[in-house]
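# Topology and contacts: notes
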Amino acid sequence: MQENAAEVTAAQIARLAGVGRAAVSNWRRRHADFPKPVGGSETSPSFALADVERWLRDQGKLAEVPLRERIWQQFAAHTGGGVTALVQAGAVLLLVHDRPAVWLEAAAVSDPRLAEVLPPALDEALTARFGPRHTVTVPDAAELADAVPLLRGIAELAAETGARQAFEFLLKRHLDANPRQYSLTPPGLADLMAALVPVGGTVLDPAAGTGALLRAVRRPARLLAQDADPGLAALSALRLALHTGADIRTEAGDALRADAYGELAADAVLCHPPFNERNWGHDELAYDPRWEYGFPARTESELAWVQHALARLRPGGTAVLLMPPAAASRRSGRRIRAGLLRRGALRAVVALPAGAAPPYGIPLHLWVLRRPGLADRPAAGLLVVDTAAGQAGTETAVAGRDRLDWTALRTAVLDAWGPFDRHGTVEENPGVSRAVPVVELLDDDVDLAPARHLPPPAAGGADELGRVRERLTRTLGRTAELTPRPARPAPPAAPAAWPSTTVGELARAQDLVLRAGGAGTARAEAPPAVLTEQDVLAGRGPTGTLPEGPEEEPVLIERGDIVVPVLGSGTVVRVACDALAGAALGRNLQLLRPDPAALDAWFLAGFLRGSANQRQASSYASTATRLDVRRIQLPRLPLADQRRYGERFRALAEFEDALRLAGRLGEQLVQGLYDGLTDGSVLPE
């Protein structure tokens, strides 16, 4: 075997073959000719991709490894690591995109020869795009020798999907495989931040990471980036070059300690800075001229980034920074906050719902700033916006990771920011937005948290509470009607007399189809909504969205399908109704599609809910419980008997839905009465 050949784990083999991981374990036990491990550990072995592919094809379990999967396995085996592989891939894709004839001529030679002719071709393409002084290191022939098959495959994928989509596919896979190594800015948040700055001009991101914020800028003339990691600086340059025709410059280095743009006067700055850094340069930067609004305390690294952003703006330029909520209220930062308010530099503070960006459990803030000119009068007010209440107030847009309604959130923010930006004030929207006079904020705390300065939203009044009460009364009546009648005990030996089977056996007999969720990307036409794991647990409709990337068909739900979460110790199962039909199946969900001539869907769903089945089919890791639906047992019964059980299981599900609705309405009524009594809209009689 080639020394640096790609290796795959059991989970990756399962993905290649479109089966569950348990099937791979069965193949290893039952087939003596299954490829032997070549690496990994005893508990998590790895196998040579070429050997696995050959075995799968010989067994008739694989017609051809999909191009994307082949590329990804080669990418994961790159000896230089993920970022190096991404930079090499991005450089080749830029050559393919900008100089296709040069690539085609180079690709016509052998692999060893391609490794020799590629470096000068890459250097010419990179210099033409970024200038002679750029951050992308051109690999030499020795570094490319083992990567040539990967680079050829990437160029082939670019021919199918486009260079930009091919790069985004590799980047997304890399980020998904290494979630703790990067502080990511989700696309919805990046789009919102970019929408808060003027269109066009020169835009800087001094902590660019993977370039997500600059990628969201609308019609830029020039994009400037800096990152402390040289690999990420190069990656950002390539990503942006594949996305836009704007002039691009990236630099490596810590922007606070080694600012690469000291004389810059940008039109806008977008920044997602690192949070809570103690070692940001406090000791060596005490006399830096950027601290126009006060020298930040050691614990206030975020306020150092705020002042750095303002220092790199032209007068009248706008900066938008993602900030931790503590930066709005910590006592150690109150003098700087006061200075920003008095000079009119801080224009808005927007509270986001929890789940907008990592760390996902904290409701982060956006600060919108503007560099004041010498002749500008200080602003009279600060715009405060709280978007969390609007997200939590709907049944379908529940705050949390992957569950935010970014369209509604963006609308709420821009509807407040637009009038305020033009006129310096905005109509008060209780609980959502308000222009707060600066004089109200300049107290001993200078606390800028939006919730502290917004009047509470209207409770809805007695009429609205009356309607909620009427709906709750009807629902409770319906719940009483649906309450299961007293159970009739079965003969003691009846369950034991049932012949049984498992879901796995039914799948092998083609009585049902098993599909795992999580695959699929958004297409040009209207993409389907995604039914997420949280949607199933909450009993609501689909709220997720498909990611961008090379076109990949998602698993679409059909009426009568059974959807089961596979993580956690719960016993939630949903039978798809018309409202779920057409939605894409999300991550950590398993779909069972029974043949209606052999299996009743509600009968199958009911036995999936059994506690004994859940215990027997669950496996336990250090941090999670995983359900293997193939191991779930159910009795072999005639279809007529299945339907009798199915009707009872359907009635139980309807009763459960009514209880869930009654609980939500009860909470809404109780909270509404508390709010009405405390704000005076409801009398105590």
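Along each chain, residue indices are assigned from 1 in the same order as the chain's sequence is written. Confidence filtering applies because this is a predicted model: local features only for residues at pLDDT of at least 70, side-chain atom pairs given and counted only at 80 or more, and all residues used for totals across whole chains, interfaces and linings. Excluded from the side-chain calculation are hydrogens and water; included are all heavy atoms of the structure.

## Some thoughts on the overall build of the protein chain
In DSSP terms, a helix is any run of H or I states spanning at least four residues, a strand is any run of E spanning at least two, and both are numbered starting from the N terminus. A count of helices and strands for the protein chain gives 25 helices and 22 strands. As a reference, a globule follows 2.2 Å times the number of residues to the power 0.38, and the radius of gyration itself is taken over C-alpha atoms. Taking 685 residues into account, the globule formula puts the C-alpha radius of gyration at 26 Å, and the protein chain, at 29 Å, falls close to it. Overall, the protein chain is about 90 × 90 × 45 Å in size when its C-alpha atoms are taken along their principal axes. Total accessible area on the protein chain stands at roughly 32,900 Å², and carbon and sulfur atoms take up 51% of it. Accessibility throughout is a Shrake-Rupley quantity obtained with a 1.4 Å probe, and a residue counts as covered only by protein chains that appear here.

## Notes on the confidence of the model for the protein chain
A low pLDDT score tells you not to read the predicted coordinates there in detail. Think of pLDDT as the predictor's per-residue confidence, scored from 0 to 100. Per-chain confidence: the protein chain averages 87 in pLDDT, with 92% of residues scoring 70 or above. Here, two residues are considered to be in contact whenever any of their heavy atoms come within 4.5 Å of each other. This stretch, residues 392–400, has a pLDDT under 50; its non-local contacts, to residues over four places away or in other chains, come to 18 contacts.

## So, helix α11 (residues 187–195)
Listed in full, the buried residues belonging to α11 are Leu 189, Ala 190, Leu 192, Met 193, Ala 194 and Ala 195. If you follow the buried residues of α11, they end up packed against α12 (212–215), β7 (266–271), β8 (313–323), β10 (365–370) and α17 (406–423). The buried label goes to any residue with under 20% of its type's maximum accessible area, the exposed label to any with over 50%, and the partly exposed label to all in between, with areas taken from a 1.4 Å probe on protein chains only.

## Concerning the UniProt feature "domain: DNA methylase adenine-specific" (unreviewed entry) in the protein chain
In the numbering used here, UniProt assigns the "domain: DNA methylase adenine-specific" (unreviewed entry) feature to residues 166–388. Helix makes up 27% of residues 166–388 and strand 23%, whereas the separation of the span's terminal C-alpha atoms amounts to 35 Å. UniProt positions are given in the numbering used here, feature names are shortened, and annotations may be inferred rather than shown by experiment.

## Some words on helix α4 (residues 67–76)
Burial runs high along α4: seven of the ten residues are buried. Where α4 is buried, its residues contact β1 (7–9), α1 (10–17), α3 (49–58), α5 (82–98), α9 (148–161) and α10 (163–177).

## Here we look at unusual backbone geometry
In the segment running from Pro 358 into Pro 359, the intervening peptide bond is cis, with an omega of -5°. Looking at the secondary structure, you find Pro 359 in the loop between β9 (346–351) and β10. Phi is positive for Asn 276, which is not a glycine, with a value near 55°. For Asn 276, the location among the structural elements is in the loop between β7 and α14 (301–311). Look at Asn 588: it is not a glycine, yet its phi comes out positive at around 60°. You can see Asn 588 is positioned in the loop between β18 (584–585) and β19 (589–594). Residue Asn 588 is classed as partly exposed on the basis of its relative accessible area, which comes to 30%.

## Let's talk about the side chain of His 282
By the element assignment, His 282 lies in the loop between β7 and α14. Of the polar contacts made by the side chain of His 282, one reaches the side chain of Asp 283; its length is 3.4 Å. Among all residues touching His 282, those that are not within four sequence positions of it are Phe 295, Pro 296, Ala 297 and Arg 298. The term polar contact refers here to a pair of N or O atoms within 3.5 Å; inside protein, the definition further demands a hydrogen-donor-capable atom paired with an acceptor-capable atom, and it admits residues adjacent in sequence only when both atoms are side-chain atoms.

## Here we look at the packing of α5 against helix α13 (residues 230–243)
Relative orientation and spacing of two packed helices are given, respectively, by the angle between their axes and the distance between those axes. Viewed as axis vectors pointing N to C, α5 and α13 meet at an angle of 25°, and their least axial separation amounts to 9 Å. The orientation of α5 with respect to α13, classified from their angle, is roughly parallel. The handedness of the crossing between α5 and α13 is left-handed. Counted together, Val 83, Leu 86, Val 87, Gly 90, Ala 91, Leu 93, Leu 94 and His 97 of α5 and Gly 231, Leu 232, Ala 234, Leu 235, Leu 238, Ala 241 and Leu 242 of α13 form the full contact between these two elements. Classifying every residue of the contact of α5 with α13 gives twelve nonpolar, three polar and no charged. For helices, the axis comes from a line fit to the C-alpha atoms of the stretch in contact; other axes are also lines fit to C-alpha atoms, and the angle between any two N-to-C directions lies between 0 and 180 degrees. Between 65 and 115 degrees an angle is taken as roughly perpendicular, under 35 as roughly parallel, over 145 as roughly antiparallel, and anywhere else as oblique. In this scheme, a crossing is called left-handed if the near helix is turned counterclockwise away from the far one by less than a right angle; it is called right-handed if the turn is clockwise. Lys, Arg, Asp and Glu make up the charged group, whereas Ala, Val, Leu, Ile, Met, Phe, Trp, Tyr, Cys and Pro make up the nonpolar group; the residues left over, Gly among them, are polar.

## Here's the deal with the pattern of salt bridges
In the sections that follow, a salt bridge refers to a side-chain nitrogen of Lys or Arg positioned within 4 Å of a carboxyl oxygen of Asp or Glu. Applying the stated criterion across every chain yields a total of 38 salt bridges. With its nearest N and O atoms 2.7 Å apart, the salt bridge here joins Arg 257 to Glu 284. Here the residue Arg 257 occupies a position in the loop between β6 (247–252) and β7, and Glu 284 occupies one in the loop between β7 and α14, the gap between them amounting to 27 residues. Note on Arg 257: relative accessible area 33%, which makes it partly exposed. Here Glu 464 and Arg 467 are joined by a salt bridge, their closest N and O atoms 2.9 Å apart. Taken together, the residues Glu 464 and Arg 467, both in helix α19 (residues 461–482) and three residues apart, mark about one turn of the helix. Each of Glu 53, Arg 57 and Arg 70 takes part in one network of salt bridges that share partners.

## Side note on the sheet that holds strand β3 (residues 45–48)
The strand order across the open sheet built from three strands is β1-β3-β2, with neighbouring strands paired in antiparallel fashion. Of all strands in the sheet, those bounded by a partner on one side alone are β1 and β2 (39–40). Each pair of strands is called paired provided DSSP finds at least two bridges between the two strands. Pairing of β2 with β3, which is carried by two bridges, proceeds in the antiparallel orientation. Note that in β3 the partner of Gly 39 across the bridge is Ser 46. The sheet strands contacting α3 are β1 and β3, and the helix crosses β3 at an angle near 75°.

## Considerations on the side chain of Asp 288
By the secondary structure assignment, Asp 288 is in the loop between β7 and α14. A distance of 2.9 Å separates the side chain of Asp 288 from the side chain of Arg 290, its partner in a polar contact.

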